[in-house]
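Given next are the chains, with one letter for each unit.
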There are 2 protein chains.
Amino acid sequence: MRLARRMADVKASEIREILKITERPEVISFAGGLPAPELFPIAQMIDADRIVLESNGRQALQYSTTEGFGPLRAWIANRLNTRQGLAYDADNVLITHGSQQALDLSGKVFLDEGDVVLCESPTYLAAISAFRAYGCRFVEVATDEQGMVASDLEACLEANPDTKLIYVIPDFQNPTGRTWSIERRRRLAELSAQYGVPVLEDNPYGELRFEGEPLPPVKSFDQSGNVLSLGTFSKILAPGYRIGWIAGDKDIISKYVMVKQGVDLQCNTLAQMVIAKYLELNDIDQHIDVIRTTYRRRRDLAVATMEDAFPASVTFTRPSGGLFLWVELPDHINAQDLLVTCLEHDVAFVPGGSFFPNGGHDNTLRINFSNMPDDKIVEGLRRIGDILKDMC
Amino acid sequence: MRLARRMADVKASEIREILKITERPEVISFAGGLPAPELFPIAQMIDADRIVLESNGRQALQYSTTEGFGPLRAWIANRLNTRQGLAYDADNVLITHGSQQALDLSGKVFLDEGDVVLCESPTYLAAISAFRAYGCRFVEVATDEQGMVASDLEACLEANPDTKLIYVIPDFQNPTGRTWSIERRRRLAELSAQYGVPVLEDNPYGELRFEGEPLPPVKSFDQSGNVLSLGTFSKILAPGYRIGWIAGDKDIISKYVMVKQGVDLQCNTLAQMVIAKYLELNDIDQHIDVIRTTYRRRRDLAVATMEDAFPASVTFTRPSGGLFLWVELPDHINAQDLLVTCLEHDVAFVPGGSFFPNGGHDNTLRINFSNMPDDKIVEGLRRIGDILKDMC
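First, a word on scope: everything that follows refers to the structure included in this document. (Residues numbered from 1 in each chain as written. Chains lettered and ligands numbered in written order. Predicted model: local features only at pLDDT ≥ 70, side-chain atom pairs only at ≥ 80, totals over all residues. Heavy atoms only, no water.)

Turning to the overall build of chain A, a few remarks are in order. Regarding its fold elements, chain A presents 12 helices and 15 strands. Taken against the 2.2 N^0.38 rule, which gives 21 Å for 392 residues, the C-alpha radius of gyration of chain A at 21 Å falls within 12% of a compact globule. For chain A, the spread of C-alpha atoms along the principal axes amounts to about 60 × 55 × 55 Å. Buried positions account for 65% of the 392 residues belonging to chain A. Counting contacts in chain A only where the partners sit at least 6 residues apart, residues at least 24 apart contribute 76% of the total. (Helix = DSSP H or I, 4+ residues; strand = E, 2+ residues; numbered from the N terminus. Rg over C-alpha atoms; globule rule 2.2 N^0.38 Å. Buried < 20%, exposed > 50% of the residue type's maximum accessible area, 1.4 Å probe, protein only. Contact = heavy atoms within 4.5 Å.)

Okay, the packing of aromatic side chains next. Enumeration over the complete set of coordinates arrives at 18 aromatic pairs over all chains. Arranged with centres 5.8 Å apart and planes meeting at 85 degrees, the rings of B:Tyr205 and B:Phe324 form a pair that is edge-to-face. In this pair, B:Tyr205 is assigned in the loop between β8 (199-202) and β9 (227-232) and B:Phe324 in strand β12 (residues 324-328), connecting sequence segments 119 residues apart. Taken as a pair, B:Tyr205 and B:Phe324 share a single burial class, namely buried. Each member of the aromatic cluster is reached from another via a ring pair, and the members are A:Trp75, A:Phe233 and A:Trp245. (Phe/Tyr/Trp six-rings, centres within 6.5 Å; stacked < 30°, edge-to-face > 60°.)

This next bit is on the interface of chain B and chain A. Opposite the 85 residues of chain B that make contact, chain A presents 85 residues. Both sides of the chain B and chain A interface together cover about 7100 Å² of buried area, and 58% of this is carbon and sulfur. Linking chain B to chain A there are 4 salt bridges. A salt bridge links A:Arg5 to B:Asp112; its shortest N-O distance comes to 3.8 Å. Put simply, the parts of the chain that give the side of chain B that touches chain A at least two residues each are α1 (14-21), α2 (42-60), α4 (98-110), α5 (125-132), β7 (163-168), α8 (250-264) and α9 (269-281) of chain B. Top element by residues in the side of chain B that touches chain A is α2(B). It accounts for 10 residues. Each residue belonging to the side of chain B that touches chain A can be placed in one class, and the counts come to 38 nonpolar, 24 polar and 23 charged. (Buried area = accessible area lost by both parts, 1.4 Å probe. Salt bridge = Lys/Arg side-chain N within 4 Å of Asp/Glu carboxyl O. Nonpolar A, V, L, I, M, F, W, Y, C, P; charged D, E, K, R; others polar.)

Our focus in this paragraph is the pattern of salt bridges. Residues and elements named next belong to chain B. This structure, assessed with the given rule, holds 68 salt bridges over all chains. In this structure, the salt-bridge partner of Arg 137 is Asp 162, at a minimum N-O distance of 3.9 Å. Of the two residues, Arg 137 is situated in strand β4 (residues 137-141) and Asp 162 in the loop between α6 (150-159) and β7; the sequence distance between them amounts to 25 residues. With a relative accessible area of 28%, Asp 162 lands in the partly exposed category.

This part covers the sheet that holds β8(B). Pairing between sheet strands relies on hydrogen bonds along the backbone, with the strands arranged either parallel or antiparallel. Residue and element names in this part refer to chain B. Strand order across the open sheet formed by 7 strands is β2-β10-β9-β8-β7-β3-β4, with mixed pairing between neighbours. Each edge of the sheet is formed by a strand with only one pairing partner; in this case those strands are β2 (93-96) and β4. The sheet shows a mean angle of 20 degrees between the axes of neighbouring strands, direction not considered. The pairing of β2 with strand β10 (residues 244-247) spans 4 bridges and is classified as antiparallel. Residue pairing across strands places Ile 95 opposite Trp 245, the latter belonging to β10. Against the sheet, α6 touches β3 (116-120), β4 and β7, its axis set at about 155 degrees to β4. (Pairing = 2+ DSSP bridges. Axes fitted to C-alpha atoms, helices over the stretch in contact; angles between N-to-C directions.)

Our next topic: the relation of the copies chain B and chain A. Rotating chain B by 180 degrees about the axis while translating it 0.0 Å along that axis superimposes it on chain A, leaving an RMSD of 0.0 Å. Taken together, the rotation and translation describe the operation of a two-fold axis. Comparing interface residues between copies, 100% of those in chain B also sit at the interface in chain A, which points to an isologous, same-surface contact. (Least-squares fit on C-alpha atoms with pLDDT ≥ 70 in both.)

Okay, unusual backbone geometry next. Residue and element names in this part refer to chain B. Along the chain, Ser 121 connects to Pro 122 via a cis peptide bond; the corresponding omega equals 5 degrees. Note that the residue after Asn 174, namely Pro 175, is joined by a cis bond; omega there is 20 degrees. Structurally, Pro 175 is set in the loop between β7 and α7 (182-195).

It is worth spelling out the pairing of β3(B) at this point. Residues and elements named next belong to chain B. Burial runs high along β3: 5 of the 5 residues are buried. Between β3 and its parallel partner β4, the chain crosses via α5, and the hand of that crossover is right-handed. Looking at chain direction, β3 and β7 are connected through 4 bridges and run parallel. From the neighbouring strand, Leu 118 faces β7, where its bridge partner is Ile 166. (Right-handed = clockwise from strand over helix to strand, strands pointing away.)

Turning our eyes to something else, we now look at the pairing of β12(B). Each regular strand shows side chains that alternate between the opposite faces of the sheet. All names here are of chain B. In terms of burial, β12 is a largely internal element, 4 of the 5 residues being buried. The sheet contact formed by strand β11 (residues 315-316) and β12 spans 2 bridges and is antiparallel. Counterpart to Thr 315 in the pairing with β12 is Glu 328. Across 5 bridges, β12 lies against strand β15 (residues 364-368) in antiparallel orientation. Its bridge partner being in β15, Phe 324 is matched across the sheet by Asn 368.

This brings us to helix α11 (residues 335-344) of chain A. All names here are of chain A. Along α11, the positions that sit buried rather than exposed are Ala 335, Leu 338, Leu 339, Cys 342 and Leu 343. Seen end-on, α11 carries its buried residues on one side only, within an arc spanning 135 degrees. If you check the start of α11, you find a side-chain oxygen 2.7 Å away from the backbone N of Gln 336, and it comes from Asn 334. Just downstream of α11 lies Asp 346, where phi reads positive at about 60 degrees. (Arc of directions from axis to C-beta. Polar contact = N/O pair within 3.5 Å; in protein donor to acceptor, adjacent residues only side chain to side chain.)

To continue, consider the sheet that holds strand β11 (residues 315-316) of chain A. Residues and elements named next belong to chain A. Pairing is antiparallel in the open sheet, where 4 strands are placed in the order β11-β12-β15-β14. Edge positions in the sheet fall to β11 and β14 (350-351), since each of these pairs with one other strand and no more. As defined by bridge partners, β14 adjoins strand β15 (residues 364-368) across 2 bridges and the pair is classed as antiparallel. By the bridge assignment for β15, Val 350 is matched with Arg 366. Helix α10 (residues 284-309) contacts β11 and β12 (324-328) of the sheet and is inclined by roughly 15 degrees relative to β12.

Position of B:Arg299 among the secondary structure elements: in helix α10 (residues 284-309). Aside from chain neighbours lying at most four places away, what touches B:Arg299 is B:Phe210, B:Glu211, B:Pro319, B:Ser320 and B:Phe369.

Here A:Asn363 shows up in the loop between β14 and β15. Ignoring any residue separated from it by four or fewer positions in sequence, one finds A:Asn363 in contact with A:Val327, A:Glu328, A:Leu329, A:Pro330, A:Asp331 and A:Ile333.

Among the 8 residues that make up α5(B), 6 are buried, leaving the element largely enclosed by the rest of the structure. When α5(B) is considered as a whole, its buried residues turn out to be B:Leu125, B:Ala126, B:Ala127, B:Ile128, B:Ala130 and B:Phe131.

In terms of nonpolar packing, the biggest core is built from 249 residues, with A:Phe131 and B:Phe131 touching the most fellow members. Once you skip the residues sitting within four places of it in the chain, A:Phe131 turns out to touch A:Leu103, A:Ser106, A:Gly107, A:Leu111, A:Val117, A:Cys136, A:Phe138, A:Leu165, A:Tyr167 and A:Leu200. (Core = buried A, V, L, I, M, F, W, Y, C linked by side-chain atoms within 4.5 Å.)

Right, let's get into the environment of A:Val139. Residues and elements named next belong to chain A. Here Val 139 shows up in strand β4 (residues 137-141). By relative accessible area, which is 14% here, Val 139 ends up buried. Measuring from C-alpha to C-alpha, the distance between Val 139 and Cys 156 comes to 7.4 Å, with 17 residues separating the pair along the chain. Sequence-distant contacts of Val 139, defined by excluding residues within four places in its chain, comprise Val 116, Val 117, Leu 118, Cys 119, Cys 156, Asn 160 and Asn 358.

This part covers the environment of A:Asp374. Residue and element names in this part refer to chain A. Within the fold, Asp 374 resides in helix α12 (residues 374-391). Residue classification places Asp 374 among the partly exposed positions, given a relative accessible area of 22%. In contact with Asp 374, not counting residues within four places along its chain, are Arg 297, Arg 298 and Leu 301. A distance of 3.3 Å separates the side chain of Asp 374 from the side chain of Arg 298, its partner in a polar contact.

Quick look at the structure:
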């Protein structure tokens with residue numbers, strides 16, 4: 001068998017491999033991006049499931065349209081309209097198999113071999129996997145506490161006329177937890193229009209803000225129709241359903257629909273109808289408040305523990321929302337080596353190097369604070385701190 | 001925005017567009033490939049759903065492994081072992097988002113731009129869409145009532161050294177309803193080994209045999225590990241869950257797993273656990289018997305009505321299983337024109353030209369007989385017959 005050339009670049013996700021090790025129940029894991037499962041509204045989902053299947057089982061178990069379940073798409077359009085000041089209807093929204101699938105579909109819609117994708121440095125690991133399969137090159141745009149540095153973004157666009165996509169996570173970014181300033185958002189929308197390059201604004205964590213006011217999305221500054229919005233129910237309801245979306249101008253969304261037909265025909269009909277039923281019967285904002293309260297407490301615990309237990313030469317971000325924070329170690333410490341020692345002490349995280357498509361930055365790591373109960377957060381971070389003190 | 005070059009070849013599925021028209025309840029549709037929804041085991045699925053969520057909700061709504069839910073993969077491996085004489089375990093099986101996703105993943109694993117895919121002539125429409133997105137060329141192998149003509153298959157392999165995949169549906173093929181002979185299956189496995197070209201053996205309908213004995217799959221003649229088996233719960237349980245699989249040697253399945261990580265991380269956790277629970281609590285073979293009995297009766301009705309109502313110059317297949325039969329009209333009749341007239345009389349089918357990746361054959365059409373109740377099958381085919389008599 002002769003494989004496609006792209007397979008030379010495809011490798012197993014480092015996180016997923018680490019996650020397999022951390023399945024041992026004694027491991028305290030800060031590695032995944034897993035929501036807190038004790039917050040899943042299980043009783044409500046059982047009700048929604050039963051109601052949908054009893055009242056509409058034949059439809060729920062049958063094939064349906066590629067675009068997705070109409071009432072769910074309308075709910076998403078309405079939420080984007082009220083939260084982000086848009087004027088969408090259901091036809092601006094395609095339901096995807098998690099927002100991850102929207103990344104893969106974006107690769108199919110936009111990327112030829114050798115095309116350039118501009119991304120934050122660092123960026124979401126599985127976006128790298130999704131785009132890399134289309135043979136693109138990544139150009140990492142310099143990124144600070146405010147988001148992509150606008151002058152560097154412009155220089156990268158100027159230097160790479162074959163840029164086809166700009167990929168960003170402006171709210172509580174994965175992996176850094178950082179949030180873009182308003183000015184940087186506006187500037188990205190302007191540069192996207194000026195250079196005619198579409199922006200994928202990935203926003204899985206935006207609803208999970210712990211303090212301060214929500215910032216307007218990049219989309220709200222978009223005059224050109226170049227900004228596409230990715231979202232998901234994974235972090236505000238449950239990831240097991242694999243239901244996310246991509247929203248944008250109807251002409252480009254219709255291209256995504258055609259591509260999705262060949263990829264997998266459609267998303268799970270029942271899952272879409274059950275989520276729509278849940279949204280009809282329950283107040284999801286109340287549920288999101290519970291998630292935010294829990295994650296805020298865990299963020300506070302994580303930050304306080306790290307301030308106390310980590311050596312002073314280690315720096316880290318203090319995100320105001322989301323699931324992750326980002327650690328920079330002294331240059332001479334390799335996070336892969338640290339992980340090996342930590343796993344011997346039953347505690348795990350993800351080394352940061354994987355989040356840089358062009359390599360380097362081996363002295364960084366990502367901590368997820370949403371998934372472990374409070375006492376394990378303290379215990380696990382203390383263990384990492386002790387090991388770090390030995391290494392520093 | 002500049003799209004990828006492949007988007008020039010991507011178009012909306014003709015079937016899905018026809019299906020939208022046929023949503024009017026008065027239309028008698030033979031167009032889709034939809035199972036009979038009145039046979040879905042809704043009560044059993046409600047039970048399975050509730051049991052899984054009550055006993056294991058946190059796991060069922062959480063992220064899980066890319067490979068899929070272990071007990072479900074083990075069930076599939078076991079079924080392939082008993083039905084097809086294999087010796088698989090769970091690690092030979094990857095759960096996919098319908099078997100359609102296994103086609104897309106196969107494109108990613110095997111196809112570079114310009115590579116050749118050998119397929120039956122005609123072949124499954126959405127396989128053409130899936131592979132075409134990878135920029136392949138299709139070479140149609142001459143196909144008769146026994147399957148691919150072995151001498152033509154060999155000639156095609158000889159003439160196209162850049163062949164990367166052979167795609168076949170040996171049981172109750174979509175769109176023709178034909179079933180390959182044992183000899184042709186054996187010969188395909190031999191030629192695949194000789195030329196080192198993998199075979200995708202797609203088998204969504206094999207369990208739906210109406211008469212006669214099951215034939216051994218191509219896989220059973222495979223000495224080289226070149227044959228990959230695609231399957232799905234869509235036709236034996238319900239398509240709404242979007243749960244299918246690809247099975248094969250572990251080294252190649254592990255490549256598919258890596259590709260799927262970037263594509264969508266994993267399939268719906270709950271759907272996998274619910275299907276596994278259904279299989280544990282129910283006798284699916286009993287359920288499949290109900291489906292087979294119903295579809296056999298509908299096949300009988302369709303064939304008898306067509307023998308009675310269609311002009312003698314129209315020929316058609318008499319499949320011994322599955323969901324479809326295939327009609328050839330006199331050369332001068334275009335099935336697209338026929339469809340226009342039929343839609344005016346509220347009856348629909350799919351013109352056959354779309355099933356030939358390189359075009360032509362406009363005098364053919366596909367009839368689905370699984371989805372309409374008995375009386376509508378008779379009424380709808382009589383209407384088509386009347387229109388055909390006017391045209392012939």
